[in-house]
Amino acid sequence: MTDQTHTTLESHPDIVEMRERHARAERAASTQQGQAVEALALITGLYLAASPWIAGFNDLGTLAINNLITGIAYALLLSGFGHAYERTHARAWAAALIGVWTIVAPWVVAGNVDTTRTVVNNIIVGAVALLLALAAGAAASETDRTGRSGRTDMSARGGGRMGRTTR
């Protein structure tokens, strides 16, 4: 004799969990802290990209190109942060690495580009970028941690065997 289990897709544990995680992410992204981090990170990335022309070291080609590329990458990594707040943990760590790279870039890139102007600019912008990325990573991991703590074990709910015939 077989028992047929009938459940709707809306009540499946995975769908319910996904909806709960999405709701938590939306709440986290709508906080003032989340919006501030996203806005400041976007401004920081745009400044980093434009800093060779703003601070006046665009004649140092290697560092100017480095700052342009890393600034655009940083802005892209952390912009739109609120739309996928809980899934941005890895992006936040990549942005933190860009912040560290920005700090050490005047001494690492080819050419003699470690002037006072470039060093001060990159250390300040890199430190701000690093702090914002760490704040974004902390917020993302907090959202992820609260999502995991409320999770239920699939085996306790029948192993996710929706619509299967059990004997």
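Residues numbered from 1 in each chain as written. Predicted model: local features only at pLDDT ≥ 70, side-chain atom pairs only at ≥ 80, totals over all residues. Heavy atoms only, no water.

## Some words on the nonpolar core
Counting twelve residues, the largest nonpolar core is built from Val 37, Ala 41, Tyr 74, Leu 78, Ala 92, Ala 95, Ala 96, Ile 98, Ala 129, Leu 132, Ala 133 and Ala 136. Within the second largest apolar cluster, six residues are counted, among which are Phe 57, Leu 63, Val 109 and Val 113. (Core = buried A, V, L, I, M, F, W, Y, C linked by side-chain atoms within 4.5 Å. Buried < 20%, exposed > 50% of the residue type's maximum accessible area, 1.4 Å probe, protein only.)

## Re helix H3 (residues 61-78)
Helix length check: H3 (18 residues) gives 26 Å between terminal C-alpha atoms against 26 Å at 1.5 Å per residue, within 8%. Listed as buried for H3 are Leu 63, Ala 64, Asn 66, Asn 67, Thr 70, Gly 71, Tyr 74, Ala 75 and Leu 78. Down the axis of H3, the buried side of the element spans an arc of 155°, and every buried residue falls inside it. In H3, the exposed residues that point more than 90 degrees away from the buried face are Ile 65, Ile 69 and Leu 76. (Helix = DSSP H or I, 4+ residues; strand = E, 2+ residues; numbered from the N terminus. Expected span 1.5 Å × (residues − 1). Arc of directions from axis to C-beta.)

## Things to note about the confidence of the model for the protein
This prediction gives the protein a mean pLDDT of 76; 63% of its residues lie at or above 70. Confidence, read as mean pLDDT per element, is least for strand E2 (residues 165-166) in the protein (44) and greatest for H3 (92). In this model residues 148-167 is a low-confidence stretch, pLDDT under 50, and it forms 23 contacts with partners more than four residues away in sequence or in other chains. (pLDDT = per-residue confidence, 0-100. Contact = heavy atoms within 4.5 Å.)

## Some points on the side chain of Ser 51
Turning to its location among the elements, Ser 51 is positioned in helix H2 (residues 32-54). Since its relative accessible area comes to 0%, Ser 51 is described here as buried. At 3.4 Å, the side chain of Ser 51 forms a polar contact with the side chain of Asn 121. Excluding residues within four positions of it along the chain, Ser 51 makes contact with Gly 56, Phe 57, Asn 67 and Asn 121. (Polar contact = N/O pair within 3.5 Å; in protein donor to acceptor, adjacent residues only side chain to side chain.)

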